[in-house]
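Breakdown of the fold
These are the residues of each chain, in order.
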Amino acid sequence: MGKYCYLEFSFLNNFRPGVFGIVKRSLLCALLFIASAGINAQGGDAFTIKSIYDKALTEGECYDWLRHLCKEVGPRLAGSPAAEAAVVSMQRLMDTLGFDTVYLQPCMVPCWDRGAPATGRIINNAVVGTEPLRVISLGNTVGTGPDGITGSLVEVFSLQEVEDLGRAGVAGKIVFFNRPMDPTQLRTFNAYGGAVDQRANGHVVAARFGAKGVLVRSMTTGLDDVPHTGAVAPAEEGMVIPALSVSTNDAETISRLLRQGEVRVHLQTNGRFLAPVPSFNVIGEVRGSTHPEEIVLVGGHLDSWDVGEGAHDDGAGIVHALQVLPLWRKIGHRPRRTFRCVLFMNEENGLAGGRAYWEASNAKKEFHLAALESDSGGFTPRGFSAQGRDDVFTADYRKVNDWLPLLEPYGLTFFTGGSGADISGLKSQGGLLIGFRPDSQRYFDFHHTANDVFENVNKRELELGAAAITSLLYLIDKHGLR
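This report concerns the structure included in the present document. (Residues numbered from 1 in each chain as written. Predicted model: local features only at pLDDT ≥ 70, side-chain atom pairs only at ≥ 80, totals over all residues. Heavy atoms only, no water.)

**Quick notes on the pairing of strand β9 (residues 264-268)**
Where burial is concerned, most of β9 is hidden: four out of the five residues are buried. Pairing geometry for strand β2 (residues 119-125) and β9, over four bridges, is antiparallel. Counterpart to Gly 120 in the pairing with β9 is Leu 267. Relative to β9, strand β5 (residues 149-156) is paired through four bridges, and the arrangement is antiparallel. In the sheet register, Ser 152 faces β9, and the bridge partner there is Arg 264. (Buried < 20%, exposed > 50% of the residue type's maximum accessible area, 1.4 Å probe, protein only. Helix = DSSP H or I, 4+ residues; strand = E, 2+ residues; numbered from the N terminus. Pairing = 2+ DSSP bridges.)

Printed below as a string of structure tokens:
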């Protein structure tokens, strides 16, 4: 207790003698002892967290693992040979990291093939003549056939505008969805959530009114020449039309030209669905020493889009998850609760791995005390978002907020919100679902693009993310939430 004792007992000496004074002094002594114990406990945790950061920044392996995943395995679209190579590679790696068991969990995944790259161009325009467009096929879409499609563009900024235009305004045309991500949203994932409905569902609404295709502004806050892919929602049979994304610079050009008159474009794509194929989640587990019935999970998704290398989305999350147990071992921490590292398959265009995991877990009546997913890139850590079942969330969230003094020196905070798609189905178990939240300002420069490559991940930022995740999970594993 040291200096605290001296100050505290000096304060107590000011009480006058007598029974009431003795009672007061006894009560204060008890309270001060409890407070001092709390300070000492937090001090021990603070030392451990500093050790975690030191080890992550000097002995961390996550950056090398990411290089292997990006450069030797490459893009990992679910159902592709590269995705299966990633499963084999990550299982072998996990076998070396000290898990009690490493195993594969089967799931059936869709198999979508992009085919040759899509092409697009403005044709015979009164202002610019014929100009190429930077476009990319959206995931899970059908091709146009070798001849492509040609049509006039009709610009809209919402799904409702298509409804309002109706068949008279849309039939036979190509609908151009041009709603930008909201630049006033400081957290760019909120801006993404406010714009992505046009990519996911625009083709469904447009087909209902007779459109022959859709062209969607890329999901990014920036203005650049790089088109962004991403999944579309399933369409009704007989209502399937081609859907492409266009770079934001080209979207600005098209919009400007439309204010001056008609704009016609030619688009050609080659996407197709093949038969679903078997794949796997890769899982490593250490049985808890004192509370094996409580599971603490960390994970990311192993699949990526077939452009770029899936470095930020979600190679960073994969190596964050893999790094936790080795860092615990370096500081001598043995999990008290059952610890699982889960590399989920098919988050990008189907969520088959997530569904397989939580359905199997729910069927076994397992209890995940906490599940954390890293799927927001490898940038500088800012904190964690959390969600949970209404009847338990407040207490769990209060508990993690008690650890803020330990984490704030590392620039971390907590806020309510989402967690991760792959762990979302565990909410019914009553545990805390957590999303790792790094700085989001640059994420959508790379998300779902050919620029999402290893060279665009900063080593130190990646290691700081691994340290942040490892530290929070250490606190949860050591102290629990209940």
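**A closer look at unusual backbone geometry**
In this model, Asp 313 is joined to Asp 314 through a cis peptide bond whose omega is 5°. Here Asp 314 lies in helix α9 (residues 311-330). Even without being a glycine, Asn 346 presents a positive backbone phi close to 75°.

**Here's the deal with the side chain of His 301**
Considering the arrangement of structural elements, one finds His 301 in strand β11 (residues 291-301). Owing to a relative accessible area of 0%, His 301 belongs among the buried residues under this scheme. Here Asp 303 takes part through its backbone oxygen, which lies 2.8 Å from a polar atom of the side chain of His 301. Polar side-chain contacts of His 301 include one of 3.2 Å to the side chain of Asp 375. For His 301, the residues in contact, after removing those within four places along its chain, are Asp 313, Asp 314, Ile 318, Phe 344, Glu 347, Glu 348, Glu 373, Asp 375 and Asp 422. (Polar contact = N/O pair within 3.5 Å; in protein donor to acceptor, adjacent residues only side chain to side chain. Contact = heavy atoms within 4.5 Å.)

**A short note on the sheet that holds strand β7 (residues 213-217)**
Backbone hydrogen bonds are what pair the strands of a sheet, in a parallel or an antiparallel way. In space, the eight strands of this open sheet follow the order β3-β2-β9-β5-β6-β7-β8-β4, with mixed pairing throughout. At either margin of the open sheet sits one strand with a lone partner, and together these are β3 (129-133) and β4 (135-137). Along the sheet, successive strands turn relative to each other by an average axial angle of 30°, direction set aside. Here helix α5 (residues 159-170) sits on the sheet in contact with β5 and β6 (174-177), set at roughly 135° to β5. Across the sheet, helix α7 (residues 197-208) is in contact with β6, β7 and β8 (243-246); its angle to β7 comes to roughly 155°. (Axes fitted to C-alpha atoms, helices over the stretch in contact; angles between N-to-C directions.)

**Concerning the pattern of salt bridges**
Taken as a whole and judged by the stated rule, the model has 23 salt bridges. In this structure, Glu 366 engages Arg 340 in a salt bridge whose closest nitrogen and oxygen atoms are separated by 2.7 Å. On the criterion of sequence distance, the pair formed by Glu 366 in the loop between α10 (352-363) and β13 (367-373) and Arg 340 in strand β12 (residues 337-344) is long-range, its members being 26 residues apart. This pair shows no difference in class: Glu 366 is buried, exactly as Arg 340 is. For Asp 439, the salt bridge identified is with Arg 382, shortest N-O distance 3.2 Å. One end of the pair, Asp 439, is in the loop between β16 (432-438) and α13 (443-446); the other, Arg 382, is in strand β14 (residues 381-388), and 57 residues separate them in sequence. (Salt bridge = Lys/Arg side-chain N within 4 Å of Asp/Glu carboxyl O.)

Any functional reading would require information beyond the geometric quantities listed.
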